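What the coordinates show
The lines below spell out each chain.
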There are 2 protein chains.
Amino acid sequence: MQNQPLLLSSLLRHADRFHANTEIVSRTVEGPIHRYTYRDAARRARQLASALQRHGIGHSDRVATLAWNNYRHFEIEHGVTGMGAIWHAINPRLIPAQLIYIANHAEDKVLFFESSFLPLVEKLAPDLPTVGLFVLMADRAALPAVTSIPNLQCYEDFISAGDEGFAWPVFDELSASSLFYTSGTTGNPKGVLYSHRSDVLHCLSITGVYSMGLAATDTILPMTPMFHANGAWGFTHAAPMVGAKLVLPGPRMDAASIAELIEMEGVTVTAGVPTLYSKLLQHFEEQGRGAGTMQRLVVAGSAPAPSMIEGFERLGVSVNHVWGMTETSPCGTSTQPSRRTAKASPQEQLGRKTMQGTPVYGVDVKIADENGNEMPHDGKSSGRFMVRGPWVLSGYYRDEKPLLEDGWFNTGDLAVMDDDNYIQLTDRAKDVIKSGGEWISSIDVENLAAGCPGVAEAAVIGIPHPQWEERPLLIVVPSASEPATAKAVLSFLEGKIAKWWMPDDVIFVEALTYGATGKVQKMELRRRFAGHYTSQKSA
Amino acid sequence: MQNQPLLLSSLLRHADRFHANTEIVSRTVEGPIHRYTYRDAARRARQLASALQRHGIGHSDRVATLAWNNYRHFEIEHGVTGMGAIWHAINPRLIPAQLIYIANHAEDKVLFFESSFLPLVEKLAPDLPTVGLFVLMADRAALPAVTSIPNLQCYEDFISAGDEGFAWPVFDELSASSLFYTSGTTGNPKGVLYSHRSDVLHCLSITGVYSMGLAATDTILPMTPMFHANGAWGFTHAAPMVGAKLVLPGPRMDAASIAELIEMEGVTVTAGVPTLYSKLLQHFEEQGRGAGTMQRLVVAGSAPAPSMIEGFERLGVSVNHVWGMTETSPCGTSTQPSRRTAKASPQEQLGRKTMQGTPVYGVDVKIADENGNEMPHDGKSSGRFMVRGPWVLSGYYRDEKPLLEDGWFNTGDLAVMDDDNYIQLTDRAKDVIKSGGEWISSIDVENLAAGCPGVAEAAVIGIPHPQWEERPLLIVVPSASEPATAKAVLSFLEGKIAKWWMPDDVIFVEALTYGATGKVQKMELRRRFAGHYTSQKSA
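The structure presented is a predicted model; accordingly, all values stated were derived computationally and were not measured. (Residues numbered from 1 in each chain as written. Chains lettered and ligands numbered in written order. Predicted model: local features only at pLDDT ≥ 70, side-chain atom pairs only at ≥ 80, totals over all residues. Heavy atoms only, no water.)

**Examining the relation of the copies chain A and chain B**
To keep it simple, the criterion reads: Superposition of the copies used a least-squares fit over C-alpha atoms from residues whose pLDDT is at least 70 in both.
The two copies are related by a screw operation: chain A maps onto chain B through 180 degrees of rotation and 0.1 Å of translation along the axis, at an RMSD of 0.1 Å. The relationship between the two copies is best expressed as a two-fold rotation axis. Across chain A, the smallest distance between a C-alpha and the rotation axis is recorded for A:Gly208, namely 2.1 Å.

Here is the structure:
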């Protein structure tokens, strides 16, 4: 057999050769819709690679972006990786100190950024000594007359110096392709470095039916930002691989803007986190015109509420909840129906879609005890959720610490697996509540509480308790209309969970704080309410 | 990222871990239906690998099979490849001289065979000096009391000596996995040696929607034999990869037996050549009970007639015609709808399904002139159909002759590609008819003729002609009921093809001879009718 390396340049090249006229549609940060084709994108990605090469960027050099989902970002992703450099997509929602930390940790040589981030970059630039070139992702007209940024160029000028005939180099498929930092709840962000091989394999996997099931006839709108794991969870790879139309929504992530794009462009598949979908569903329901051409959605980041799944399915949109993390490229498990699920009652099917699902081929999973021994698939035995496979991390970027345990990566979640091999997270290891020597699953309680009328969002944390070591505290964001009372929430929970799982108190807050990847920042809540039970006692 | 080699053992291991209770159902050569699960298959494949290891089979040793599609054959495929030996599936339809040639060329060390091949193997055994062990794929009761085969064991005894706890070894993914010989029309059969890497990549590709779209909820019945390219075109890999139920039909390939299995087992997807589907369609139509649970079919080997596609689609079965050859693992192009096709009229869609379709990611295609220059995608410029990619052959087994032209494999077909990147074969390079300096496509004419009422099968060949160098001759197998006349066929063609493409004569025969891969043996027809125009002239 021909031994060709698996390189990301093959994706856009394939689309250019066999889906050249298929469109990429973007909402720009400036507002207007931009549309062109894979042929155009491929030509400009080659130009960009050539221009970077002329600027001195070589194999494995880091090239950073601060940008939303749009066509120039897509060109940078494919141009930088295709030439053998490393695309470092920075999450602009991080605080400046973290932005500076990761750009320096990565030693980024070039920073591409959108005009909306100009003030931010002006502030950061003095602290980014490795960055020798700043490129504003716009044309010359958008360049500021005066700026403190040294060596600032505009994107269109920069690529115009590049050669359209640039030939993608061939190199080892184990070469690094892109770098994403995960914002842990403690310590500095950690870098996850993907390889060309891992990216192409992950992409082949997610196009399968058992994962996302993508085809040339699809029109894909990734709401998840390209600076999240692996370029919008791999969708900016998968679209050219299958020749699907790609719709990039830019910075406007409000439900009305997304719904408008879905309608205008005939979107069939979207990807995003539950909070965005909740708003989109509410919008569809208010408008009363259905979900249009939308057939399927992929939801990840955290588990969707049953009411969200039901709502979309009523509109004829099938919901695939997938589980993953930056460290797993990200897709690891999928709730596409198993043979048993397919025959289950609608109620049971709904329940299974809120679970994390079953491993896709390529991602091996075990639920393990402290010694790494696999626990039974009985739906009860909770253990450490461990994964391994060719698109799973082996160690963080520039971190010598051994990460794997006997070849397995510990996700940090606790989970059970049932006899149909469906995984359900019971908790983040660090979020678990230990009360009187017994574990309480915060996720179970907060999922239930989120279903209580008058509750918009809910989080459960364990905080110090003089008698029980820790006891659960329920934090609730009430609905705007007819907000629930503490008493109502607690009686809603009664009988649904074990007595000793019942939160000792309910606290109402205006909003919960979410991390960059859509997870509630429980660390902060625990800090804020640390003394709630102990000071009550002493008061 | 973790650098795990892509090994075939991961497929059955995945099914064993996460789809353990999903069934593999086989019709045995003895008649009865056998059913067990992936867990059982995995256990027995490990036992088999262990037994082979104890017998002295090592990395890259060749282990041959002469068998139909059934569970023991599935175990051998996965057991032999999983342990790092090479599975050599022999096509039992070859003539004895060819069987002997390829077993010796491969230097097979073990031969597994089914009881129906006992007389054949008794005849062949003296000429197979490298085979040190013969294993009858049955239990002890089936062993003949007297046999001329030296060192004959039965399968069940053989594997019972193996260790169920055998651990799949880890080795280089470029290691060879399996060997299939293609029966060329001239010369000795040539060996195509697959690797673990090429097989896993091919399998990931065919599970995608743009190819075959397979999921855990499918029940797959490969009618194509496991001794064809890559174990039933990769379906015996894809089923465990996605966790689908697998139905192996054994030797009974008549339409009634296949239809019975489809009904009994709830088959959703089948794979096979057009001749089998024609019979299956006729059976469904005669029975008048529809196609049951069958949702989709994959047809390959040669192009399906429009009437066959229409017939199945009337029964609610969608048809995916894919193109490939042993040298391409085999899947290379697919007629899953493009964005344009999806919006085309039913008539146009039908026409496109008889074409060879568009390249799937991983298989690069060009239509090239004699110098390798790519020809325009205009639907008119016919050229050599060239392919390359990580599951395309680089050279035949034990054949030093350089095969690739500048990295491309020449399929030997002539084709055009249209501006929607759909490929249409115009001819095998060697079947092309050259009349008065102009080319005539035999495929176009025979496809048209096959649609004429009263014609069951049709073939067009070019034979020597005193004036025009070659002229087309139409060979027809008439329908049993209301057979067509020569005049009727020719007037049916009139106006549908260029005047000079019109066959000069029509000859009726009882049957056409097909090669092992379902293609009409035109070589033989050309030999038989070589003097038809010249002797007519002289007569």
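**Some details on helix H14 (residues 346–353) of chain B**
Residues and elements named next belong to chain B. The line we're drawing: Burial here depends on accessible area, computed with a 1.4 Å probe over protein chains only, as a share of the maximum for the residue type. Under 20% is buried, over 50% is exposed, and the range in between is partly exposed. Each helix corresponds to a stretch of at least 4 residues labelled H or I by DSSP, and each strand to a stretch of at least 2 residues labelled E; elements are numbered beginning at the N terminus. The arc in question is formed by the directions pointing from the helix axis toward the C-beta atoms. Only heavy atoms matter for contacts: two residues are in contact if any of them lie within 4.5 Å across the pair.
Residues Leu350, Arg352 and Lys353 constitute the buried set of H14. Buried residues of H14, seen end-on, are gathered within an arc of 165 degrees and therefore sit on one face of the element. Contact partners of the buried residues in H14: helix H12 (306–314), strand S14 (318–324) and helix H13 (339–342).

**Considering the nonpolar core**
How we decide: Buried Ala, Val, Leu, Ile, Met, Phe, Trp, Tyr and Cys residues that are joined via side-chain atoms within 4.5 Å together make up what is termed a nonpolar core.
Counting residues in hydrophobic clusters, the biggest one holds 262 residues, and the most contacted among them are A:Phe112, A:Phe113, A:Phe312, B:Phe112 and B:Phe113. If near-sequence neighbours (up to four positions away) are discounted, A:Phe113 is found in contact with A:Leu66, A:Leu118, A:Val121, A:Phe134, A:Val135, A:Leu136, A:Met137, A:Ile149 and A:Leu152. Among the nonpolar cores identified, the runner-up in size contains 24 residues, and B:Val25, B:Leu221, B:Ala259 and B:Phe284 belong to it.

**Concerning the packing of aromatic side chains**
Applied cut-off: Whether two aromatic rings pair depends on their centres lying within 6.5 Å, for rings of Phe, Tyr and Trp, where Trp uses its six-membered ring; planes under 30 degrees apart make the pair stacked, over 60 edge-to-face, and the rest tilted.
As enumerated under the stated definition, the model contains 26 aromatic pairs over all chains in all. For the ring pair A:Phe180 and A:Tyr194, a centre distance of 5.6 Å and an interplane angle of 50 degrees mean the geometry is tilted. Highlighted residues: A:Phe180 in strand S8 (residues 176–182) and A:Tyr194 in strand S9 (residues 190–195), separated in sequence by 14 residues. There is no split in this pair, since A:Phe180 and A:Tyr194 are both buried. A ring pair is formed by B:Tyr277 and B:Phe312, whose centres lie 5.7 Å apart and whose planes are at 85 degrees; its orientation type is edge-to-face. Here B:Tyr277, found in helix H11 (residues 274–287), pairs with B:Phe312, found in helix H12; they are 35 residues apart in sequence, far enough to count as distant. Summarising the burial analysis for this pair, B:Tyr277 and B:Phe312 share the class buried.

**A short note on the interface of chain A and chain B**
We apply this condition: Two parts lose some accessible area (1.4 Å probe) when they are put together, and adding that loss for both gives the buried area. In what follows, salt bridge is the name for a side-chain nitrogen of Lys or Arg lying within 4 Å of a carboxyl oxygen of Asp or Glu. Counted as a polar contact is a pair of N or O atoms within 3.5 Å, where, for protein atoms, one must be capable of donating a hydrogen and the other of accepting one, and residues adjacent in sequence contribute only when both atoms are in side chains.
Counting from both sides, the interface comprises 72 residues of chain A and, opposite them, 73 residues of chain B. When chain A packs against chain B, the two sides together hide about 5,000 Å² of surface, and 54% of this comes from carbon and sulfur. Linking chain A to chain B there are eight salt bridges. Salt-bridge contacts for B:Glu374 lead to A:Arg17; the nearest nitrogen and oxygen are separated by 2.8 Å. At the junction of chain A and chain B, the tally comes to 30 residue pairs in polar contact (both at pLDDT 80 or more). Going through the elements one at a time, helix H1 (9–18), S9, helix H7 (196–207), helix H9 (235–242), helix H13 (339–342), strand S17 (364–368), strand S18 (383–388) and strand S19 (409–417) of chain A are the ones with two or more residues in the side of chain A that touches chain B. If you tally residues by element for the side of chain A that touches chain B, the top one is H7(A), at seven residues.

Any functional reading would require information that these geometric values do not contain.
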